[in-house]
Amino acid sequence: MKKIAFFLSATMLFIPAVARAQATSTPSNVAQQTTEGIQKRSNEYGIWGSVFFDATTWIGYTPDARFGNVGLRYGRVLAASKTVAFEWTIDAIPVAVLSNSRLTSVPCCGFVLQRKRAYGWGISPIGLKFTFRRNKRVQPFGASSGGFLYFNEKVPVSGAARFNFTFDFQGGVQIIKSNQRSFMIGYKYNHISNGYHAPINPGVDVQMVFFGFSIFR
């Protein structure tokens, strides 16, 4: 009888201890599961840069254009399903460089074709980004953005405009770490034109490679 009483007493002490351990461990496990990946209402703070590798003439008509830019990003995740995150982004572009061949007046030779650079800045306030496999380390994404650039001279030719509209289509991959820091690489098709607010509107199309670094909070 003494052995049975001792066994019952030990059991009564053991069961509450196990229950308390489960109660304390369950919330942390749940929290760990719910904080994986990109979450709804997460904020993205990032920087990116892109360089051209080809000038096309799909919409624009400047076949020898070269273009590069650097941007600062803020994003807000508006919705997230089990595998997909939908994000609104806004990019400030402090530096943009566009170069192409232009007819330039030279005292000795009249007009000759010379490559000239123009520098600009702008903003892309309308950006949409879809991230797939949002709770995995490697996440493909597709995105698009629209905005404007203002250059220090008329581009891509003297009869065009300083103020130009822009839009792009993007696709790539971002690798996100457990501390919510991510690196991305991708392809971008970028279009620049003045929207016929000037006498002529040659437009510029470039294909680009871009790289970026972001922090999600």
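Position labels on residues start from 1 in each chain and follow its written sequence. Two thresholds apply to this predicted model, a pLDDT of at least 70 for residue-level local features and 80 or more for giving and counting side-chain atom pairs, whereas whole-chain, interface and lining totals are computed over all residues. The basis for every side-chain value is the complete set of non-hydrogen atoms in the structure, without hydrogens or water.

A.B. asks: So what about the overall build of the chain? Which residues, and what values?
C.D. replies: A count of helical and extended segments in the chain gives one helix and eight strands. Of the regular secondary structure in the chain, the N- to C-terminal order runs α-β-β-β-β-β-β-β-β. Contact between two residues is taken to exist if any of their heavy atoms lie within 4.5 Å; hydrogens are not considered. Contacts in the chain between residues at least 24 apart in sequence constitute 62% of all its contacts with a sequence separation of at least 6. Counting from the N terminus, the helices are DSSP H or I runs at least four residues long and the strands are E runs at least two residues long.

A.B. asks: Give me the lowdown on the nonpolar core, citing residues and values where you can.
C.D. replies: Among soluble globular proteins, nonpolar side chains are generally buried collectively. Within the largest apolar cluster, 18 residues are counted, with the highest numbers of intra-cluster contacts made by F67, L98, L149, F151, V204 and V206. Of all elements in the fold, only β1 (43–56), β3 (84–106), β5 (138–155), β7 (181–193) and β8 (204–216) reach the threshold of two or more residues within this core. If we ignore the near neighbours within four places in the chain, the residues touching L149 are F67, I93, A96, W121, G122, R162, F163, N164, T166 and I192. With five residues, the next largest nonpolar core counts I38, A85, I176 and F216 among its residues. As used in this record, nonpolar core signifies buried Ala, Val, Leu, Ile, Met, Phe, Trp, Tyr and Cys residues forming a set joined through side-chain atoms within 4.5 Å. Note on classification: 1.4 Å probe, protein chains only; a residue is buried when its accessible area is under 20% of the maximum for its type, exposed when over 50%, partly exposed between these limits.

A.B. asks: Break down empty space enclosed by the protein for me, with residues and values.
C.D. replies: Here a cavity denotes grid points, spaced 1 Å and computed from the protein atoms alone, that fit a 1.4 Å probe unable to get out, and a pocket denotes an open set having protein on both sides within 12 Å along at least 5 of 7 lines; residues with an atom within 4 Å of a point are the lining. Grid points are joined across faces, edges and corners, and a volume is the space filled by probe spheres set on the points. As enumerated under the stated definition, the model contains two cavities of 30 Å³ or more in all. By volume, the largest cavity amounts to about 140 Å³. Lining the largest cavity are 19 residues, and of these W48, S124, S145, D168 and K188 sit closest to its centre. Residue assignment for the lining of the largest cavity shows that the elements contributing at least two residues are β2 (66–80), β3, β5, β6 (161–176) and β7. We call Asp, Glu, Lys and Arg charged. Ala, Val, Leu, Ile, Met, Phe, Trp, Tyr, Cys and Pro are nonpolar, and the rest, Gly among them, are polar. Broken down by class, the residue content of the lining of the largest cavity amounts to seven nonpolar, eight polar and four charged. Its volume calculated, the second largest cavity comes out at about 30 Å³. In terms of lining residues, the second largest cavity is bounded by R73, T89, D91, G127, L128, K129, A143, S144, S145 and Q170. Secondary-structure elements contributing two or more residues to the lining of the second largest cavity are β3, β4 (110–132) and β5. Partitioning the lining of the second largest cavity into residue classes produces two nonpolar, five polar and three charged.

A.B. asks: If you had to explain the side chain of Q174 to someone new, which residues and values would you point to?
C.D. replies: Relative to the helices and strands, Q174 is located in strand β6. Residue classification places Q174 among the buried residues on the basis of a relative accessible area of 0%. N or O atoms closer than or at 3.5 Å make up a polar contact, with two conditions inside protein: a donor-capable atom paired with an acceptor-capable one, and, for residues adjacent in sequence, both atoms drawn from side chains. A distance of 3.0 Å separates polar atoms of two side chains, one belonging to Q174 and the other to K129. The residues touching Q174, leaving out its near neighbours within four places in the chain, are I38, K129, T131, R137, V138, Q139, F141, S182, F183, M184 and F216.

A.B. asks: Outline the packing of aromatic side chains, supporting the account with residue identities and numerical values.
C.D. replies: Pairing of aromatic side chains requires ring centres within 6.5 Å, counting the rings of Phe and Tyr and the six-membered ring of Trp. Pairs whose planes differ by under 30 degrees are stacked, by over 60 edge-to-face, and all others tilted. Enumeration over the complete set of coordinates arrives at 12 aromatic pairs. Judged by centre distance (5.0 Å) and plane angle (35 degrees), the ring pair of W58 and Y189 falls under tilted. You can see W58 sitting in the loop between β1 and β2 and its partner Y189 sitting in strand β7, a full 131 residues away along the chain. For Y189, a relative accessible area of 7% puts it in the buried group. Considering the side-chain rings of F148 and F163, the 5.3 Å spacing of their centres and the 25 degrees angle between planes classify their relative orientation as stacked.

A.B. asks: Which residues make up a nonpolar patch on the surface, and what are the values?
C.D. replies: Together, L78, W88, L128, F130 and F132 make up an exposed nonpolar region whose accessible area comes to about 440 Å². Among the elements that make up the nonpolar patch, the one with the highest residue count is β4 (three residues). Mapped onto the elements, F132 comes out in strand β4. In this scheme, patches are assembled from residues that exceed 30% relative accessible area and form no salt bridge. Like charges are connected within 9 Å, while nonpolar side chains (Val, Leu, Ile, Met, Phe, Trp, Tyr) are connected within 5 Å. Using a 1.4 Å probe, the Shrake-Rupley method yields the accessible areas, and only the shown protein chains count as cover for residues. We count a salt bridge whenever a side-chain nitrogen from Lys or Arg sits within 4 Å of a carboxyl oxygen from Asp or Glu.

A.B. asks: Describe unusual backbone geometry, naming the residues involved and giving the relevant values.
C.D. replies: For the bond running from V155 to P156, omega is 0 degrees, close enough to zero to count as cis. If you trace the backbone, P156 turns up in the loop between β5 and β6. A positive phi is found at R41, a non-glycine position, where the angle reads about 75 degrees. Within the secondary structure, R41 sits in the loop between α1 (2–34) and β1. On the basis of relative accessible area, R41 is assigned to the exposed category, the value being 53%. For R133, which is not glycine, the phi dihedral falls at a positive 55 degrees.

What is shown is where atoms sit, not what they do.
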